[in-house]
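# Summary of structural features
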Amino acid sequence: MSDDAAGPVVAASEQLGRVREESGPHWVALVVALVVGLVLSTVHWLGLVVGGALVGLVAASLRRAVVAALGFGVLVVLVWGVSLALPGALGAVRATGELAGLGVAIALAAPVVGSLARAVV
Amino acid sequence: MERETTRRAVLGAALGAGVVGGLFSPVNSYLRQFAPLSGSVWGASRTDRQSTVDSPYGPAEVRYDETGVPAVTADDEGALYFAAGYVQATDRLFQMDLQRRLFRGELSAVVGSAAVDSDRFHREMMFAEAAEATADHVRGTPAGPPAEAYVDGINAAIERESVPVEFRLLDYEPEPWRLADSMVVEKLIAWGLTGSFRTLRKTLVADQFTPEMADQLYPDRFDDRPPVVRPFHDPETFGAGLGIDPAGETDAGPTVQQGTVDWLTRFEPDQQLGSNSWVVGPELAGGDSPIVGNDPHLNLQAPPVWYEMHLDGPTHRVRGVTFPGVPFIIIGENDHGAWGFTNVGADVVDFYTYDQGPDGESYTYGEQTREFDSRTEEIEVADGSNETVELKQSVHGPVVTEATQEVGVAWTGHAATETTLAVYELTHSEGVTDVRDAAAKFEVPTQNLVYGNREGGRLFQVTGRLPVRRVDGTVVGGNRVFDGSAREAEWGGFDPFERPPAWESSPGDDPLSWVPFGENPHVEDPAYLATANQQTVADDRLAYYLGVSFDPGYRGERIYTLLDERVESGESLDLDFLREVGRDTRDGRAVALVDSLVAAARGSEDDDLVEAANTLDSWDRRMTVDSSAALLFDRWMDQYRDELFETAFADADLGEEYYPADGAIEQLPPDSAWFGPRKRDAVMRRALRSALDERDASGEAVYGDRSHTGRIGHPLGLDFLAYPEHPRAGSSETVQNFDHEDSRGGSWEMQVDLDGEFLAVLPGGNSGRYFSEHYDDQIARWARGEYRSLSRTPEGDLTVEFRAEDG
């Protein structure tokens, strides 16, 4: 790879290093990742994986990435609960038992899978 | 470094595998369905609907009342029924789709291989062909245009409204609705009320045991209980002079192989369904108009089999219930009168065996050899290999092939029938004459129609086409299997899947092939009359064969006893009194059996049995929710049935489906061979011991612990779609009806005082959408035996506005 071609990669890598290590940029990036992840999750289940990947990528380590992804999953469950409670459907969804449980499990597991991206980048 | 690279590769591969696996494996469907925020199943929780809809038929308005019942108003009949179709599909689309799939034999395509046998049966019975022929005929009648507008309304809702949760769980989309689908629903209902393989079962039991034992299990008549039409109705002898009085004793006819009967019985409609209805004239009702009550006891399920609606059009206003998928209100009232139905139990199904050719493709028919009309169909199976089924048809109708025997089935419902037109005319009727004209077109199922109008007119009328059978020129009953090759008992002028020419011609054919409608049992202006599926008319008042599948008559006897006593007391049979009649829970089986049971138990040395006898002896025979005796009797009845038949039937390789009605069990003489060497008292005691053991093991204390609405489930079998538990009084044999074991009972409990209140309640809720507040908002009231008071003017906020497409 030439120095010219390597320039943007190096720059991106430096930026990624900053958001992982510096508190201010880290929190900004984390909030952006959470919002983007939530928006994508309302469209497709892959949004959960992408959300997990985004919050993972701005984490300082793989372990923190997994924890952040779990946190994203919990946030998704909370938002989901509020979105069901507003039209009065939360009780009916809870009554589905295992099916609602499956939804919660997906909310927690899919972001963790996405967070494995932290090990690659 | 190398280790780090390996770790990255492994975790990267895990990420890739997770994403690829999620996208391209069966897991994908679960993720699409159940992922929070985006999962399709959770999308069903949004219960909002379109507030404005374009209609090609013109403007209409829909208001929903506080129980989710739509009131549709329109100045054009097409616009009215377009909106009716739209709201029905919005509220009950999955139920409608399931029904058409069931009777078309297309269930496996969405639920998988478990439904293949059901699909085979329903295709072999060719219900879909009958529905197509009926749709073609109905299109050309006055009911055709509104029915087609209704179909268009359903399809508009399929296109514009979100689909209910069941479609999302099964992961399929509904296909467009057709008029023939509505006719499939009509066939489903008609078969459910007239389809019976009793003749085959009785013949087989007679063959396996003795004819006398078979007669005891399946008696043609239940003695000593009042028929629907009673002497004070001053009835004529129906059919007198027509020369169609059947010969008394006839040959038993051919026996159908057990494998075939077993298989057919698996798909037989519920034989214990029953209903109540009554009409009381204004003189006795204490007002200016009659009171009409109707409580059809059908299968209970979530959502209910009935859909309630209120239609206010240019030429009629009608409120009541219909089956989802059927455009016109079947039971209810209009501005002129009210009407209801119960089942007759008439015999409109015959079975034929054939001398087959060696290839199985042909059969002897008189002097000829004929080929079966046959074709092969493919049954689509979700998540499995498709299956094929060979359909066969003879001159009589569809031919069911099981084991090595072909059995032809003739059923009046296989013709192009006018029942839809009859129901349409009922909704528009303005008096007794109109209702009788409509009833003449109600060709299947055979029903007891009761009607009353505001001017005081009343009518009881048996509907349905009744075939006349002949063997060697002699008129015979239909309670045997016929030799189709010998051309026994052919239905004259009847061709399956066509409009029967005999039904279009005037009566008086020689020989008479069908009972003329004017000879169907009927009573004009009865002072009071009640029906509960018992024998319609005493045998000495009926000069033709009507049927043998009548209800034992416990409910009929109880209703007439209550009404007779009230009349004798001189007090009026007003709505308050009839409300109590509708909520009566005295069980005729208990009245007939408990004294014998108590005596048998008191002869025991088992202290528990003696104590149980004391409990039962002091019991009022009412199946109330707080009664420990009712619980004990209920459990005893189950055990008594098993004690009587379980071993004997198992030895003969017969299942529970061959068990007789409880009325037959009660009538067994004490020396019946069914008691075996143990005698009746010992059998009763043994059943009571088992009942006590079962009760103690279950932890139940009172009847309501066992008889509750939690027994009413959803066809998909998912617990959350079933109803919550509320104790409900009544049994399969009480006026307030609830068979908790098989989940059937009062499916639309209605009492209409044409000079006062209109009362009714549904067992569940009017919406079939799980997430709707109206999914189960009537179930607690139904369990408590309460009614709702229904409005006769459209009520509720404007919910959907239909606008003319060109406007």
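In this report, we go over the structure that sits alongside the text. (Residues numbered from 1 in each chain as written. Chains lettered and ligands numbered in written order. Predicted model: local features only at pLDDT ≥ 70, side-chain atom pairs only at ≥ 80, totals over all residues. Heavy atoms only, no water.)

### Examining the overall build of chain B
Check the secondary structure of chain B and you find 25 helices and 29 strands. In terms of C-alpha radius of gyration, chain B reaches 28 Å, essentially the compact-globule figure of 28 Å for 807 residues. Taking the principal axes of its C-alpha atoms as reference, chain B extends roughly 95 × 70 × 65 Å. Buried residues in chain B amount to 62% of all 807 residues. Sequence separation of at least 24 residues holds for 73% of the intrachain contacts in chain B that already meet a minimum separation of 6. (Helix = DSSP H or I, 4+ residues; strand = E, 2+ residues; numbered from the N terminus. Rg over C-alpha atoms; globule rule 2.2 N^0.38 Å. Buried < 20%, exposed > 50% of the residue type's maximum accessible area, 1.4 Å probe, protein only. Contact = heavy atoms within 4.5 Å.)

### Quick notes on the overall build of chain A
The helix and strand tally for chain A stands at 7 helices and 0 strands. Starting at the N terminus and walking to the C terminus, you meet the elements of chain A as α-α-α-α-α-α-α. Viewed in the frame of its principal axes, chain A has a C-alpha envelope of about 60 × 25 × 25 Å. Going through the 121 residues of chain A one by one, you find that 39% of them count as buried. Counting only contacts in chain A whose residues sit at least 6 apart along the sequence, the fraction spanning at least 24 positions is 68%. Here chain A displays about 6200 Å² of accessible surface, and carbon together with sulfur accounts for 71% of that area. Treating the 6 positive side-chain charges of chain A as one cloud and the 6 negative ones as another, the clouds have centres 14 Å apart. (Areas by Shrake-Rupley, 256 points an atom, 1.4 Å probe, with all protein chains shown as cover. Lys, Arg positive; Asp, Glu negative; His and termini not counted. Charge placed at Lys NZ, Arg CZ, Asp CG, Glu CD.)

### Side note on the packing of aromatic side chains
Residues and elements named next belong to chain B. This structure, assessed with the given rule, holds 46 aromatic pairs over all chains. Their ring planes at 50° and their centres at 5.6 Å tell us that Phe645 and Tyr659 sit as a pair that is tilted. Of this pair, Phe645 sits in helix α22 (residues 628–651) while Tyr659 sits in the loop between α22 and α23 (662–667), and the two are 14 residues apart along the sequence. For Phe645, a relative accessible area of 0% translates into the label buried. Here the aromatic cluster, defined as three or more aromatic residues joined through ring pairs, consists of Phe103, Phe121, Phe127, Trp191, Phe197, Phe351 and Trp411. Lying over the aromatic face of Tyr560, Arg230 brings its terminal NZ or CZ to 4.2 Å of the ring centre. (Phe/Tyr/Trp six-rings, centres within 6.5 Å; stacked < 30°, edge-to-face > 60°. Lys NZ or Arg CZ within 6 Å of the ring centre and 35° of its normal.)

### Focus: the interface of chain B and chain A
In this assembly, 25 residues from chain B lie in contact with 32 residues from chain A. Taken together, the two surfaces of chain B and chain A that pack against each other cover about 2400 Å², and 81% of this comes from carbon and sulfur. The largest per-residue losses of area from chain B upon contact with chain A belong to B:Pro36, B:Leu37 and B:Trp42, which jointly make up 29% of the total buried on that side. For the interface between chain B and chain A, the tally reads 0 salt bridges. In this assembly, chain B and chain A are joined by 4 residue pairs in polar contact (both at pLDDT 80 or more). Listed by contribution, the elements that provide at least two residues to the side of chain B that touches chain A are α1 (2–24) and α2 (27–34) of chain B. Sort the elements by how many residues they give to the side of chain B that touches chain A and α1(B) lands first, with 10 residues. (Buried area = accessible area lost by both parts, 1.4 Å probe. Salt bridge = Lys/Arg side-chain N within 4 Å of Asp/Glu carboxyl O. Polar contact = N/O pair within 3.5 Å; in protein donor to acceptor, adjacent residues only side chain to side chain.)

### Some thoughts on the environment of B:Pro521
Residue and element names in this part refer to chain B. By the element assignment, Pro521 lies in the loop between α17 (501–504) and β22 (522–524). You can call Pro521 buried: its relative accessible area is 0%. In this structure Pro521 touches Phe238, Phe460, Gln461, Val462, Thr536, Val537, Leu542 and Tyr544, once residues within four positions along its chain are discounted.

### Remarks on the packing of helix α4 (residues 77–104) of chain B against helix α10 (residues 179–194) of chain B
The geometry of a pair of packed helices is captured by two quantities: the angle between their axes and the separation between those axes. Residues and elements named next belong to chain B. Two elements in contact, α4 and α10, have axes whose closest approach is 9 Å; the angle formed by their N-to-C orientations is 70°. Overall, the two elements α4 and α10 adopt an arrangement that is roughly perpendicular. The residues of α10 that touch α4, namely those facing Gln99, Arg100, Leu102, Phe103 and Arg104, are Ala180, Asp181, Val184, Val185, Lys187, Leu188 and Trp191. In terms of residue class, the contact of α4 with α10 is built from 7 nonpolar, 1 polar and 4 charged. (Axes fitted to C-alpha atoms, helices over the stretch in contact; angles between N-to-C directions. Parallel < 35°, antiparallel > 145°, perpendicular 65-115°, else oblique. Nonpolar A, V, L, I, M, F, W, Y, C, P; charged D, E, K, R; others polar.)

### A few points about the pattern of salt bridges
All names here are of chain B. The tally for this structure, following the rule as stated, stands at 70 salt bridges over all chains. Measuring nitrogen to oxygen at the nearest pair gives 2.8 Å for the salt bridge that ties Asp693 to Arg689. Of this pair, Asp693 and Arg689 both sit in helix α24 (residues 679–698), 4 residues apart, which is roughly one turn of that helix. Three or more residues joined by partner-sharing salt bridges are found here, namely Asp587, Arg589, Asp634, Asp638, Arg641, Asp662, Arg706 and Glu741.

### As for the nonpolar core
Formed by 196 residues in total, the largest nonpolar core has its most connected members in B:Trp306, B:Leu616, B:Trp636 and B:Tyr640. Ranked by the residues each element gives to this core, the list is headed by α4(B), at 14 residues. The contact partners of B:Tyr640, leaving out residues within four places of it in the chain, are B:Ile665, B:Phe675, B:Arg680, B:Val683, B:Met684 and B:Ala687. Ranked by size, the runner-up nonpolar core spans 51 residues in total, among them A:Leu48, A:Phe72, B:Leu11 and B:Tyr775. (Core = buried A, V, L, I, M, F, W, Y, C linked by side-chain atoms within 4.5 Å.)

### Regarding the side chain of B:Arg101
For B:Arg101, the location among the structural elements is in helix α4. Not counting residues within four places of it along the chain, the set of residues in contact with B:Arg101 comprises B:Glu106, B:Leu107, B:Ala109, B:Val110, B:Asp119, B:Tyr172 and B:Glu175.

### Remarks on a nonpolar patch on the surface
Residues A:Val28, A:Val32, A:Val36, A:Leu40 and A:Val50 make up a contiguous nonpolar surface patch of roughly 360 Å² in combined accessible area. Tracing the backbone through its elements, the reader meets A:Val50 in helix α3 (residues 46–57). (Patch = residues over 30% accessible without salt bridge, like charges linked within 9 Å, V, L, I, M, F, W, Y side chains within 5 Å.)

### A look at the pairing of strand β27 (residues 758–761) of chain B
Residues and elements named next belong to chain B. Neither face of β27 is left uncovered, since the one carrying Phe758 and Ala760 and the one carrying Leu759 and Val761 both have all their residues buried. Alignment of strand β26 (residues 749–753) against β27, held across 4 bridges, turns out to be antiparallel. Bridging across to β27, Met750 finds its partner in Ala760. Hairpin remark: β26 followed by β27, antiparallel, with 4 residues in the connecting loop. Sheet analysis places β27 next to strand β28 (residues 788–789), joined by 2 bridges and oriented antiparallel. Within β28, the residue paired with Ala760 across the bridge is Arg788. (Pairing = 2+ DSSP bridges.)

### Concerning the side chain of B:Thr141
All names here are of chain B. Relative to the assigned elements, Thr141 resides in the loop between α7 (127–139) and α8 (144–160). Taking the relative accessible area as the measure of exposure, Thr141 reaches 11% and is therefore buried. Looking at Thr141, its side chain comes within polar contact range of the main-chain oxygen of Val138, at 2.8 Å.

### Notes on the sheet that holds strand β13 (residues 373–379) of chain B
All names here are of chain B. Ordered in space as β13-β14-β15-β16-β10-β21, the 6 strands form an open sheet in which the pairing is mixed. Since the sheet does not close on itself, it has two edges, and those belong to β13 and β21 (481–483), each with one partner. In this sheet, adjacent strand axes meet at a mean angle of 35° when their direction is disregarded. As judged from the 5 bridges shared by strand β10 (residues 349–353) and strand β16 (residues 405–411), these two strands associate in the antiparallel manner. Bridged to Asp350 within β16 is Ala410. Along the sheet, helix α6 (residues 116–124) contacts β13, β14 (387–393) and β15 (398–402); its crossing angle with β14, the most-contacted strand, is approximately 25°. Of the strands in this sheet, β15 and β16 touch helix α13 (residues 258–265), which is tilted by about 115° from β15.

### Points about helix α16 (residues 432–440) of chain B
All names here are of chain B. For α16, the complete set of buried residues consists of Val435, Arg436, Ala438 and Ala439. Angularly, the buried residues of α16 cover 160° about the axis, an arc narrow enough to put them on a single face. In this structure, the buried residues of α16 make contact with α15 (419–428), β17 (447–453), β18 (458–462) and β22. (Arc of directions from axis to C-beta.)

### With respect to the pairing of strand β2 (residues 60–64) of chain B
Within a regular beta strand, the side chains point alternately toward one face of the sheet and then the other, so they alternate between its two faces. All names here are of chain B. Along β2, the buried face is formed by Ala60, Val62 and Tyr64; none of Glu61 and Arg63, which line the opposite face, is buried. Here β2 runs beside strand β3 (residues 70–74); their pairing, made up of 5 bridges, is antiparallel. Within β3, the position partnered with Tyr64 by the bridge is Pro70. Counted along the chain from β2 to the antiparallel partner β3, the turn is 5 residues long, and its residue Gly68 has a positive phi close to 75°. One ladder, built from 5 bridges, connects β2 with strand β29 (residues 797–804); its direction is antiparallel. Bridge assignment links Arg63 to a residue of β29, and that residue is Leu798.

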